[in-house]
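Fold and geometry: a report
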Amino acid sequence: MEANREVDSDVVFDRVTTRGGKHGARRRCRAVAIALALQSLLLYGALPALAQSEKPVEVKRPELQIGNTVRYDEDWSVLEGVDTSRTDDFWDRVKFIPFTADESVWLSIGGQARARFEHFDNFQFGASAPKRSDTYLLSRFRLNTDLHITPYFRLYFEGKSSLSTDRDLQGRNSTAFYDQADLFNGFADVVIPFSKDTGVTLRGGRHELLFGSQRLVGPGDFTQVPHTFDGAQAIVRIADWTVTPFWTQAVIVDKYKFDKSSPDHQFFGLYTTAPAHLLPMNLDLYYLGANNRGATFNGTTGRENRHTLGLRTKGNIGQTNWDFELEGAGQFGTVGSGNIGAGMFTAVLGYTLPVIKEWSPRAYFEFDYASGDRKPGGGVGTFNQLFPNGHSYLGYIDYIGRQNIISPNAGIAISPIQDLTLTLQQYLFWRASDRDSIYNKSSAVFRAAGTTHARYVGAETDLLATYNFTRHLQGYAGYSFFSSGGFIEKTGRDKNSNFFYAALQYTF
């Protein structure tokens, strides 16, 4: 039902914007305004520090949670008692605004502006319509307020506006790219301390979820419109253990109206994490439950009651330069009258090269597996990747999701100069089951199974450069190339795909 509404609204939007030049001109003006806004933020944030005549006050600030993190984890109470008019960062003035003499009630304000140009050549292997290749602008703005009324009560609100300009690939300005203005986070925290090492934080409202590696649950910051949920969770800390039970409903995006959660998409579970004291590694244990109305997997349709049990561990191998990560999960339950039997497994082995220390060169090899369905209809063997931070795994072109896939991959990251990081990654993809489809990062069918038994999907090469111009301004640019394999060649259009992108984002 949501998909049908989305197609209708896109058709209306495209008719309106193509009948005359006025709407096209408005979109071009909006693109220019976005670029000017980014430049203004950079200049406005830098000038006060440059104009300062006396020696600034030194402050140990929290790290800005940029990228695949959540901004509500920033703790700006470190600025308590600091004369922020004398620090070397203009934005300190709005990061800790006291309302009482003892500074027990205070407000923090933050935000981010991002503009990213993207170019696709032969999107979806040339099967995209109305255009197969296109260049377009994606922009996103976020503004948050964090009000601490006492050390035990907090209100956090964050709004966002995600905009897409001149995107004419398949889906056009769909809800994955466009959400005009909405509430992204809006929750209350109640903190109950029991002792120095034990306490619980009760959280209720709208919020992002982030667990472990984010392979199954993560915000996915590269995405224009990341996942968010309405519900409650309790963050229980007992010594080194953190236990997080939660119950939520997924928020469904409406491009022009207020986003609402739906009881048709329930997500709940328990995530625990702790260090394994006998070995130099961390251990995560989790249960994730999903109850979705009207799900479809390889010909099996009905209400999905799916339960995921998983384990993850990571750490260093002794006193060497080697590191590792292992994660596995099994799924059971029902879709309609069909039983679920699915699973995933990931193994990562990394090595930090003992060369120039400042360069921090690290190479890794990874193997990913996620099960597929053995035959259409009946029981379901397709793994459900739930709500992943998809862009961080299985290729930056976002063609391949963690469903019915086998992928050995490798990469290397290096920092040749300060604040610059370069990465190179190579992926190979096969279908785990030759009777199931290929799914993308949004869990949608990317290429239907067809009648071929070919398994090889293709190969992807990713190049990415990230540079921190200042503490607030970050830029990145990347290129991805996907070479189609036998399965793609035998099931439709099979043109190789190229993906270029470049972005600037300013965070305060």
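Summary of the structure given here. Each chain has its residues counted from 1, running along the sequence as written. It should be noted that, the model being predicted, local features are given only for residues of pLDDT at least 70 and side-chain atom pairs only at 80 or more, the latter also being counted only at that level, while totals for whole chains, interfaces and linings use all residues. Water and hydrogen atoms play no part in the side-chain values, which are based on all heavy atoms of the structure.

**Digging into the environment of T421**
- Mapped onto the elements, T421 comes out in strand 16 (residues 420-430).
- Separated by 47 residues in sequence, T421 and N468 place their C-alpha atoms 9.1 Å apart.
- A polar side-chain atom of T421 sits 3.4 Å from a polar atom in the side chain of S415. In this text, helices come from DSSP runs of H or I with a minimum length of four residues, and strands from runs of E with a minimum of two, each type numbered from the N-terminal end. We define a polar contact as two N or O atoms separated by no more than 3.5 Å, with the added condition that, inside protein, one atom must be a possible hydrogen donor and the other a possible acceptor, whereas residues neighbouring each other in sequence contribute only through side-chain atom pairs.

**So, unusual backbone geometry**
- A cis geometry characterises the amide bond from A129 onward to P130, with omega recorded as 10°.
- For P130, the position within the fold is in the loop between strand 2 (106-121) and strand 3 (134-150).
- The backbone of R172 sits at a positive phi, close to 45°, despite the residue not being glycine.
- Within the secondary structure layout, R172 lies in the loop between strand 4 (153-165) and strand 5 (179-193).

**Some words on the nonpolar core**
- Counting 55 residues, the largest nonpolar core has F267 and Y399 as the members making the most contacts within it.
- The greatest single-element share of this core, amounting to 5 residues, is contributed by strand 10 (residues 281-297).
- Beyond its immediate sequence surroundings of up to four residues, F267 is in contact with L209, V217, F229, F246, W247, T248, L288, G289, L386 and F387.
- L64, W76, F96 and W106 belong to the second-largest nonpolar core, a separate cluster that totals 6 residues. As used here, the term nonpolar core means buried Ala, Val, Leu, Ile, Met, Phe, Trp, Tyr and Cys residues forming a set that is joined through side-chain atoms within 4.5 Å. Note on exposure labels: buried denotes an accessible area under 20% of the residue type's maximum, exposed denotes more than 50%, and partly exposed covers the range between, all computed with a 1.4 Å probe on protein chains only. Residues are treated as being in contact if the distance between any of their heavy atoms lies within 4.5 Å.

**A look at the layout of surface pockets**
- Think of a 1 Å grid over the protein atoms and nothing else: a 1.4 Å probe that fits but is trapped marks a cavity, an open set flanked by protein within 12 Å on at least five of seven lines marks a pocket, and residues with an atom within 4 Å of a point count as lining. Grid points are joined across faces, edges and corners, and a volume is the space filled by probe spheres set on the points. If you add up the space inside the second largest pocket, you get close to 1400 Å³.
- Forming the walls of the second largest pocket are 50 residues, and the residues nearest its centre are N68, S392, Y396, T423 and Q425.
- Listed by contribution, the elements that provide at least two residues to the lining of the second largest pocket are strand 11 (300-316), strand 12 (322-335), strand 14 (362-370), strand 15 (405-414), strand 16, strand 19 (456-468), strand 20 (473-484) and strand 21 (497-507).
- Note on residue classes: Ala, Val, Leu, Ile, Met, Phe, Trp, Tyr, Cys and Pro are nonpolar, Asp, Glu, Lys and Arg are charged, and everything else, Gly too, is polar. Here the residues of the lining of the second largest pocket sort into 18 nonpolar, 21 polar and 11 charged.

**A word on the packing of aromatic side chains**
- Two aromatic rings, drawn from Phe, Tyr or Trp (for Trp, its six-membered ring), form a pair once their centres lie within 6.5 Å of each other, and the interplanar angle then sorts them: stacked below 30 degrees, edge-to-face above 60, tilted otherwise. What the rule picks out here adds up to 34 aromatic pairs.
- Each ring, one from F120 and one from F499, has its centre 4.3 Å from the other, and the planes form 15°; the classification is stacked. Here F120 is found in strand 2, whereas its partner F499 is found in strand 21, with 379 residues between them in sequence. Of the two residues examined, F120 and F499, each falls in the buried class.
- Arranged with centres 4.9 Å apart and planes meeting at 85°, the rings of F229 and F387 form a pair that is edge-to-face. Within this pair, whereas F229 is found in strand 7 (residues 229-238), its partner F387 is found in the loop between strand 14 and strand 15, the two being separated by 158 residues in sequence.

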